[in-house]
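So the chains spell out like this:
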Amino acid sequence: MPGIDECLIEVMRLPGARGAAVVDWTSGLALGTIGESPNGDHEATAAETAEVARMAAEQPVFAQAETPTGLPGPPAPAVEDVIVTTAPGYHILRFVETAFDSSVFLHLWLDRAEGNLALARIRLGEIAERLVLA
């Protein structure tokens, strides 16, 4: 199972990927970064995207009351990802489920002209499932 660096390298292989990071949304710290940053500063970008992730993750309107099957058990994560579109690109924040507190997400900055949003979202989900945080 790949760690942070391996996952970020895999993310950058996506068509149109400009930059990526693994971010702790409770602290706003980047646990790993690769490529470019939209504002030229990976740490500032991590803090700013963590605010967006936190706002989405903590809103009751996105809470899930039961498991997807309706059977007893822990509920599925309420928010899988957040997508922000801008004129030049897309920002995909994909939440990563962990054995501890699940306060981590993958941030992909994707070029709008060269990237494929649907493909990137699917692949980011697959990568997030395999990510091992040690």
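Structure: above.
We now turn to the structure provided with this report. Bear in mind that the values here come from a model prediction, so they are computed numbers and not experimental data.

**Concerning the packing of aromatic side chains**
Turning to step 1, where the next piece is worked out: Throughout the structure, instances matching the rule amount to two aromatic pairs.
Turning to step 2, where the next piece is worked out: A centroid spacing of 6.2 Å and a plane angle of 50° characterise the contact between F95 and F105, whose relative ring orientation is tilted. Placement of F95 in strand 4 (residues 89–96) and of F105 in strand 5 (residues 104–111) is noted, with a sequence separation of ten residues between them. The two residues F95 and F105 agree in class, both being buried.
Turning to step 3, where the next piece is worked out: Aromatic ring contacts, followed pair by pair, group W25, F95 and F105 into a single cluster.

**Observations concerning the packing of helix 1 (residues 4–11) against helix 3 (residues 117–130)**
Turning to step 1, where the next piece is worked out: With their axes 10 Å apart at the nearest point, helix 1 and helix 3 run at an angle of 170° to one another. On the basis of their axis angle, the class for helix 1 and helix 3 is roughly antiparallel. Facing C7, E10 and V11 of helix 1, the residues of helix 3 in contact are R123, L124, I127 and R130.
Turning to step 2, where the next piece is worked out: When grouped by side-chain class, the residues that make up the contact of helix 1 with helix 3 number four nonpolar, no polar and three charged.

**Some remarks on the nonpolar core**
Nonpolar side chains in soluble globular proteins generally cluster together in the buried interior.
Turning to step 1, where the next piece is worked out: V11, L106 and L108 are the most contacted members of the largest nonpolar core, which has 20 residues in total.
Turning to step 2, where the next piece is worked out: Elements that contribute at least two residues to this core include exactly helix 1, strand 1 (17–24), strand 4, strand 5 and helix 3.
Turning to step 3, where the next piece is worked out: Discounting residues that sit within four places of it in the chain, L106 has contacts with L8, A21, V22, I92, L93, R94, V96, L124, I127 and A128.
Turning to step 4, where the next piece is worked out: By size, the runner-up hydrophobic cluster in this structure holds 13 residues, among which are V23, W25, A50 and A56.

**Focus: a nonpolar patch on the surface**
Turning to step 1, where the next piece is worked out: A cluster of nonpolar side chains, namely V52, M55 and V84, defines an oily patch on the protein surface of about 230 Å² accessible area.
Turning to step 2, where the next piece is worked out: Looking at where M55 falls in the secondary structure, it is placed in helix 2 (residues 42–57).

**Considering helix 3**
Turning to step 1, where the next piece is worked out: With 14 residues, helix 3 should reach 20 Å at 1.5 Å per residue; the first-to-last C-alpha distance of 20 Å fits that figure.
Turning to step 2, where the next piece is worked out: Those residues of helix 3 that are buried are in contact with helix 1, strand 4 and strand 5.
Turning to step 3, where the next piece is worked out: The backbone nitrogen of A118 lies 3.1 Å from a side-chain oxygen of the residue at the head of helix 3, namely N116.

Definitions and limits used
- Residues numbered from 1 in each chain as written.
- Predicted model: local features only at pLDDT ≥ 70, side-chain atom pairs only at ≥ 80, totals over all residues.
- Heavy atoms only, no water.
- Phe/Tyr/Trp six-rings, centres within 6.5 Å; stacked < 30°, edge-to-face > 60°.
- Helix = DSSP H or I, 4+ residues; strand = E, 2+ residues; numbered from the N terminus.
- Buried < 20%, exposed > 50% of the residue type's maximum accessible area, 1.4 Å probe, protein only.
- Axes fitted to C-alpha atoms, helices over the stretch in contact; angles between N-to-C directions.
- Parallel < 35°, antiparallel > 145°, perpendicular 65-115°, else oblique.
- Contact = heavy atoms within 4.5 Å.
- Nonpolar A, V, L, I, M, F, W, Y, C, P; charged D, E, K, R; others polar.
- Core = buried A, V, L, I, M, F, W, Y, C linked by side-chain atoms within 4.5 Å.
- Patch = residues over 30% accessible without salt bridge, like charges linked within 9 Å, V, L, I, M, F, W, Y side chains within 5 Å.
- Areas by Shrake-Rupley, 256 points an atom, 1.4 Å probe, with all protein chains shown as cover.
- Salt bridge = Lys/Arg side-chain N within 4 Å of Asp/Glu carboxyl O.
- Expected span 1.5 Å × (residues − 1).
- Polar contact = N/O pair within 3.5 Å; in protein donor to acceptor, adjacent residues only side chain to side chain.

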